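A structural walkthrough
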Amino acid sequence: MENQGSAQCVVIGSGPSGIACAKALLERGAAVTIVDIGVELERDIHHKVQALATQDPSKWTEGQIDSLKAPLEFTLSSEAPLKTVFRSSYPYQQPDPVRFQQTDTRCVVSQAKGGLSTVWGGHVMRYAAAHIRHWPVSNEDLDAGYAAAARMIKPTRPKDDDAIDDYFPTPYGYTHDHNLTAQGELLLQKAVKYKAQLKKQGVVIGKSRLALSGGCKEVGLCLSGCPFFSIFQADRWLEETLQVEGALRYLGGREVVKIQGNTLTGILRASGEPFELTAQKFFLAAGPLGSARIVFQSLGLQELELPLAYHPYALTPLLFFKNFVGAPQERRHTLAQLFMEVWFPSVSQSPVHNQISTYNPHIKDAVNALLKSYRLQAVAPWVFKFLLGRLGAVQSYLHSNEGGKITMIFRKTPGGTVLILKSPNSTQVHQKFGALFRSTLGAFMRVGILPLFFMSKIGKPGTGNHIGSCFPMAHQPGELQTDAMGQLPTLPTMHIVDASVLPDLPAQTITFTIMANAHRIGSKSALE
Ligand SMILES: Cc1cc2nc3c(=O)[nH]c(=O)nc-3n(C[C@H](O)[C@H](O)[C@H](O)COP(=O)(O)OP(=O)(O)OC[C@H]3O[C@@H](n4cnc5c(N)ncnc54)[C@H](O)[C@@H]3O)c2cc1C
């Protein structure tokens, strides 16, 4: 048994919630140990990426880029493939059909140093005060958390307030912005021109807010891995902070099994040996599935059933009226260019969040695959000339209340804990998206886009890992609910600080709020 001695505060996990909590604790003068599975990018890939990053992008060869870019296997019927980073799937725990069983859901568990921020899209938006009013958390507290999270991830925003700020005011000022593609620019111009008419239709469009903490070098590789690591990653914050902050210790390669009283026990990933650590307080930031597993094992139960909220999700191809012939050659970022918030009471009581993207190289791969499946490769040059510069995509997210709940079942077996995920009935989600598509058609057409709704893919529950609320914070917490400090009544030394404790999930992006709340809990707890 490896004994790691005793610590003041232990954070489990090094993803966005773990580091936001750790930062708050450090700011208040606490000594922090992060315990993490902490898998890192394979060394050979890391060297290739470093080689690219030290070269002038204009000197990169097609071969160099292709060796790091995942090929997209796209068919009409399949779901979009799981996003990898530099062709590596190291951010995700490897599929284990015994320990983790799911068929009609699409959740992932992170095992990476930096968690899923090593592969995320970096889209950041706060929740509106009106939509979290029922939470047992003060809006001011969360605002301070948002501001702290913004100092870490440095989100972009337009210099002057735009339509999005009217409804989702940002608690941070302008520091930098991102450039739009020609398609994005035209779209924004039209959105500004028709702002009043769109508003009447319940639609607000503005520039996307992106966690481009490293500043964008515009090489167009966001979807397969940025060699300059321009999109915020928690592991990079961790590395930088470890260099300067003596009060922070990192223990990687360790899987936490349970926490009982002041003792944490786990196993060393490399050898399977057990290890132990004692501390005054523990902050659970292992992602909802990882954290729920640790809670289940800490409670010593035989079986536990928990609800898991998720954002219903759809991906729809877009056809721009205008052909932007130069789009495939343009080198900008390939994340969402614009956010579109939609208020339609017939679809949802809360605004629907849409992320609009313009051309990216995956679109060419998808068109190619489509032509191949219909044996139409001969017309590819013609199709590319007249179609590629017209294509884009929109990702739509609904409030978690519109989707029912995934059921998580943890079961103790002689071989260890098994997690089974069961999907809720998705009929309502399909109906909601149908209503959304009908209601937004006019708004899209007004800004010069025809959405190809007949080609929309509605993701399985859990797609994109926008999941949480399995131990929701409540004013008067029940047995498996948490108080405003993320604490379960039966585990008094533990604060849960990831998405598990959010009472529900408004449709806007999830990670900014996860970080704001984790920072809030860390900060308040250090004062206790
Ligand atoms: C492809 C993709 C794109 C996304 N894009 C966006 C986006 O654009 N905007 C957005 O807001 N969100 C996005 N998300 C979601 C976002 O990545 C998550 O919300 C965020 O990473 C959650 O942070 P977390 O720290 O709570 O958990 P995670 O990032 O999951 O980190 C969990 C950490 O816990 C550690 N861990 C797990 N189990 C244990 C254990 N037993 N013992 C020790 N350590 C453990 C892991 O090693 C990891 O460090 C995306 C997700 C994916 C997969």
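Residues numbered from 1 in each chain as written. Predicted model: local features only at pLDDT ≥ 70, side-chain atom pairs only at ≥ 80, totals over all residues.

1. What to know about the overall build of the chain
A tally of regular secondary structure across the chain gives 13 helices and 19 strands. Taken over C-alpha atoms, the radius of gyration comes to 23 Å for the chain, in line with the 24 Å a tight globule of 528 residues would show. Taken over the C-alpha atoms alone, the chain extends approximately 65 × 50 × 45 Å along its principal axes. Looking at the chain as a whole, 48% of its 528 residues are labelled buried. (Helix = DSSP H or I, 4+ residues; strand = E, 2+ residues; numbered from the N terminus. Rg over C-alpha atoms; globule rule 2.2 N^0.38 Å. Buried ≥ 20, exposed ≤ 12 C-beta atoms within 10 Å, placed from the backbone.)

2. Focus on the pairing of strand S1 (residues 2-12)
Note: S1 against strand S8 (residues 274-284), eight bridges, orientation parallel. Residue pairing across strands places Ser-6 opposite Thr-278, the latter belonging to S8. Taken together, the four bridges between S1 and strand S2 (residues 32-35) define a ladder with parallel strand orientation. The residue bridging Val-10 from the neighbouring strand is Thr-33, located in S2. (Pairing = 2+ DSSP bridges.)

3. What about unusual backbone geometry?
The residue Lys-154 is not glycine, and still its phi comes out positive at about 45°. With respect to the secondary-structure elements, Lys-154 resides in the loop between helix H4 (139-153) and helix H5 (163-167). Although it is not a glycine, Glu-218 adopts a positive phi angle of roughly 55°. Here Glu-218 lies in the loop between strand S4 (203-207) and helix H8 (234-244).

4. A word on the sheet that holds strand S3 (residues 100-102)
Strand order across the open sheet formed by five strands is S3-S15-S14-S9-S18, with mixed pairing between neighbours. Lying at the two open borders of the sheet, with one neighbouring strand each, are S3 and strand S18 (467-468). Note: strand S9 (residues 303-310) against S18, two bridges, orientation antiparallel. Counterpart to Tyr-310 in the pairing with S18 is Ile-467. Packing of helix H9 (residues 287-299) onto the sheet brings it into contact with S9, strand S14 (406-413), strand S15 (416-422) and S18, and relative to S15 it is tilted by some 130°. (Contact = placed C-beta atoms within 7 Å. Axes fitted to C-alpha atoms, helices over the stretch in contact; angles between N-to-C directions.)

5. Here's the deal with the nonpolar core
Membership of the largest hydrophobic core comes to 127 residues, with the highest contact counts inside it found for Val-10, Val-11, Ile-12, Cys-21 and Leu-284. Of the residues that make up this core, three or more belong to each of domain 1 (1-56 + 111-154 + 226-301 + 470-528) and domain 2 (157-207 + 313-396 + 425-460). Within the second largest apolar cluster, five residues are counted, among which are Val-85, Phe-86, Leu-116 and Val-119. (Core = buried A, V, L, I, M, F, W, Y, C linked by C-beta atoms within 7 Å. Domains from an automatic or database assignment.)

6. Some words on the site of the ligand
The ligand sits among 40 residues. The nearest are Gly-13, Gly-15, Gly-115, Gly-121 and Gly-287. Only helix H1 (16-27), strand S6 (254-260), H9 and helix H13 (511-527) provide two or more residues apiece to the shell around the ligand. Grouping the constituent residues of the shell around the ligand by class yields 16 nonpolar, 20 polar and four charged. (Near = placed C-beta within 6 Å. Nonpolar A, V, L, I, M, F, W, Y, C, P; charged D, E, K, R; others polar.)

7. Here's the deal with the environment of Met-1
By the secondary structure assignment, Met-1 is in the segment before S1. Considered as a pair, Met-1 and Gln-243 are 242 residues apart in the sequence and their alpha carbons are 29 Å apart.

8. Observations concerning helix H10 (residues 361-373)
Counted at 1.5 Å a residue, the expected span for H10 with its 13 residues is 18 Å, and the 19 Å between its end C-alpha atoms agrees. Among the residues making up H10, those that are buried are His-362, Ile-363 and Ala-366. The buried residues of H10 occupy an angular sector of 105° when the element is viewed end-on, so they sit on one face. As for H10, its buried residues are in contact with strand S13 (391-397). (Expected span 1.5 Å × (residues − 1). Arc of directions from axis to C-beta.)

9. Comments concerning the packing of H1 against H13
The contact between H1 and H13 brings their axes to 7 Å, and the two run at 30°. Crossing geometry of H1 relative to H13 is assigned as right-handed. Where H1 abuts H13, its residues Pro-16, Ser-17, Ala-20, Cys-21, Lys-23, Ala-24 and Leu-25 lie against Thr-511, Ile-514, Met-515, Ala-518, His-519, Ile-521, Gly-522, Ser-523 and Ala-526. (Left-handed = near helix turned anticlockwise from the far one by under 90°.)

10. Overview of the domain arrangement of the chain
Each domain of the chain was delimited in the assignment, giving domain 1 (1-56 + 111-154 + 226-301 + 470-528) and domain 2 (157-207 + 313-396 + 425-460). The distance between the C-alpha centroids of domain 1 and domain 2 comes to 32 Å. Every contact between the two is made by 15 residues of domain 1 and, on the other side, 14 residues of domain 2. Tallied by class, residues from the side of domain 1 that touches domain 2 come to seven nonpolar, five polar and three charged.

11. A short note on the packing of H10 against helix H11 (residues 380-387)
Where H10 contacts H11, the axes come no closer than 11 Å and their chain directions differ by 140°. It follows that H10 is oblique to H11 by the angle criterion. Of the two possible hands of crossing, H10 and H11 adopt the one that is right-handed. Taken together, the residues of H11 that come into contact with H10 (itself represented by Val-367, Asn-368 and Leu-371) are Ala-380, Val-383 and Leu-387. Across the contact of H10 with H11, the residue classes tally to five nonpolar, one polar and no charged. (Parallel < 35°, antiparallel > 145°, perpendicular 65-115°, else oblique.)

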